[in-house]
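Single-letter residue listing:
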Amino acid sequence: MSLAGELVTETFEYDGGRQVTVYVPADRPEAVVFAGDGELIAQWGGDLEAADVPSTAIIGVHRPADETLRLREYSPGFEPERFSAHERFFGEDVGQWARSRFGVALPAERTAVCGVSAGGELALAMGLQHPDVYGTVLCASPGGGYRPPAAMPSSLPRTYLVAGTLEPFFLRNATRWADALRDAGADVMLNERVGSHGDAFWREEFPLMVAWAFGR
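Everything numeric here is computed off the predicted structure, so don't read it as measured data.

**Student:** Explain the overall build of the protein chain to me, please; I cannot follow it from the model alone.
**Tutor:** Regarding its fold elements, the protein chain presents seven helices and eight strands. Rg of the C-alpha trace for the protein chain: 16 Å, near the compact-globule value of 17 Å for 216 residues, within the 12% margin. Projected onto the principal axes, the alpha-carbon positions of the protein chain cover approximately 40 × 40 × 30 Å. Burial status across the protein chain gives 56% buried among its 216 residues. Surface exposure of the protein chain reaches about 9100 Å², of which carbon and sulfur atoms provide 48%. The average position of the 18 basic charges and that of the 30 acidic charges among the side chains of the protein chain differ by 2 Å.

**Student:** Is there a simple way to explain the pattern of salt bridges in this structure?
**Tutor:** Once their charged atoms are close, side chains differing in charge can pair, the charge on each being opposite to the other. For the structure on display, the rule yields 14 salt bridges. Put simply, Arg63 and Asp37 hold a salt bridge, and the shortest N to O gap is 3.1 Å. A residue pair is termed long-range when its members are at least 10 positions apart, and Arg63 in the loop between β4 (56-61) and α3 (67-74) and Asp37 in the loop between β3 (31-35) and α1 (38-41) qualify at 26 residues. A cluster of three or more residues bridged by salt bridges with shared partners is formed by Asp37, Glu39, Arg63, Glu67 and Arg70.

**Student:** I keep staring at the nonpolar core and nothing clicks. Help me out?
**Tutor:** One recurring pattern in soluble globular proteins is that nonpolar side chains are buried together. If you look at the biggest cluster of nonpolar residues, it comprises 43 residues, and the most contacted ones within it are Val20, Ile59, Phe90, Trp97, Trp177 and Leu181. Among the nonpolar cores identified, the runner-up in size contains 25 residues, and Val33, Ile41, Val116 and Ala140 belong to it.

**Student:** What is the right way to read the layout of surface pockets from this model?
**Tutor:** Unfilled space is identified by rolling a water-sized probe across the atoms. Considering only enclosed or pocket space, the largest pocket measures out at about 160 Å³ in volume. Every residue lining the largest pocket is counted, 15 residues in all, and those nearest its centre are Pro25, Asp27, Leu48, Glu49 and Ser55. Counting residues per element, the lining of the largest pocket draws most heavily on helix α2 (residues 45-49), at three residues. For the lining of the largest pocket, the residue count by class is eight nonpolar, four polar and three charged.

**Student:** I tried to follow helix α7 (residues 199-214) on my own but got confused; where do I start?
**Tutor:** In an α-helix, one full turn covers 3.6 residues, which means residues spaced three or four apart are oriented alike. Here α7 spans 22 Å end to end across 16 residues, near enough to the 22 Å set by a 1.5 Å rise per residue. Of all the bends in α7, the greatest reaches close to 35° and is centred on Phe206; the proline Pro207 follows between one and four positions later. All of the buried residues in α7 are Phe201, Trp202, Glu205, Phe206, Pro207, Met209, Val210, Ala213 and Phe214.

**Student:** Which parts of the structure should I look at to understand the packing of aromatic side chains?
**Tutor:** Geometrically, a pair of aromatic rings is defined through the distance of the ring centres and the angle of the planes. Taken as a whole and assessed by the stated rule, the structure comprises nine aromatic pairs. Relative to Phe89, the ring of Tyr14 lies with its centre 4.4 Å away and its plane at 5°, an arrangement referred to as stacked. Highlighted residues: Tyr14 in the loop between β1 (6-12) and β2 (18-24) and Phe89 in helix α4 (residues 80-102), separated in sequence by 75 residues. Their ring planes at 50° and their centres at 5.0 Å tell us that Tyr146 and Trp177 sit as a pair that is tilted. A residue pair is termed long-range when its members are at least 10 positions apart, and Tyr146 in the loop between β6 (136-140) and β7 (158-164) and Trp177 in helix α6 (residues 168-183) qualify at 31 residues. As far as burial versus exposure is concerned, Tyr146 and Trp177 are alike and both buried. Clustering of aromatic rings is evident, with ring pairs tying together Phe12, Tyr14, Phe89, Trp97 and Phe102. In this structure, Arg158 packs its charged tip against the face of Trp212, placed 3.9 Å from the ring centre.

Thresholds, definitions, all that
- Residues numbered from 1 in each chain as written.
- Predicted model: local features only at pLDDT ≥ 70, side-chain atom pairs only at ≥ 80, totals over all residues.
- Heavy atoms only, no water.
- Helix = DSSP H or I, 4+ residues; strand = E, 2+ residues; numbered from the N terminus.
- Rg over C-alpha atoms; globule rule 2.2 N^0.38 Å.
- Buried < 20%, exposed > 50% of the residue type's maximum accessible area, 1.4 Å probe, protein only.
- Areas by Shrake-Rupley, 256 points an atom, 1.4 Å probe, with all protein chains shown as cover.
- Lys, Arg positive; Asp, Glu negative; His and termini not counted.
- Charge placed at Lys NZ, Arg CZ, Asp CG, Glu CD.
- Salt bridge = Lys/Arg side-chain N within 4 Å of Asp/Glu carboxyl O.
- Core = buried A, V, L, I, M, F, W, Y, C linked by side-chain atoms within 4.5 Å.
- 1 Å grid on protein atoms, 1.4 Å probe; cavity = no way out; pocket = protein on both sides within 12 Å on 5 of 7 lines; lining within 4 Å.
- Points joined across faces, edges and corners; volume = space filled by probe spheres on them.
- Nonpolar A, V, L, I, M, F, W, Y, C, P; charged D, E, K, R; others polar.
- Expected span 1.5 Å × (residues − 1).
- Bend = angle between axes of the 7 residues up to and from the residue.
- Phe/Tyr/Trp six-rings, centres within 6.5 Å; stacked < 30°, edge-to-face > 60°.
- Lys NZ or Arg CZ within 6 Å of the ring centre and 35° of its normal.

Below is the structure:
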């Protein structure tokens, strides 16, 4: 796919050298999506060009190569110190860099955090802990390592959850989160459709998620 926008990758010192790939739309960004698994999700920027959505930048923080380390970074319960270090890098270091470098100093209602699978847990955690920064959570097929807290924060982001009928474990996780967030008074969209766990399923949903988040 040829992109009207461009992809920019930079390496940060975090964890011995961690890359961030940014999809910079052709027009000035009116909205921004921060994402884990950034080497994957930043590539989906081109899909937004054909969709009826505002000009949207994607700030994609790459995952570590080791899947075990990814889970410890993305889900708060496994190794809290590692999660907190990544949370600061993702939210503070990358956030400040993106605002100064790409001009995406946007209010929470124009800022989303996105993730798939274990990255969906990261998106939920970042959204619940920083609703003043990320007004919307876009979460596909979340893993089960991070579950709704017994006491929800008083301020909650809008949340779009999607999972496939062919991935019942992840559909149960998404439904659990949708129920808990709705019970706490959050604005929630849960899309359950035929599909299995994987990039093609998530990528197809991504423009719908962004449209729900930012409208026109």
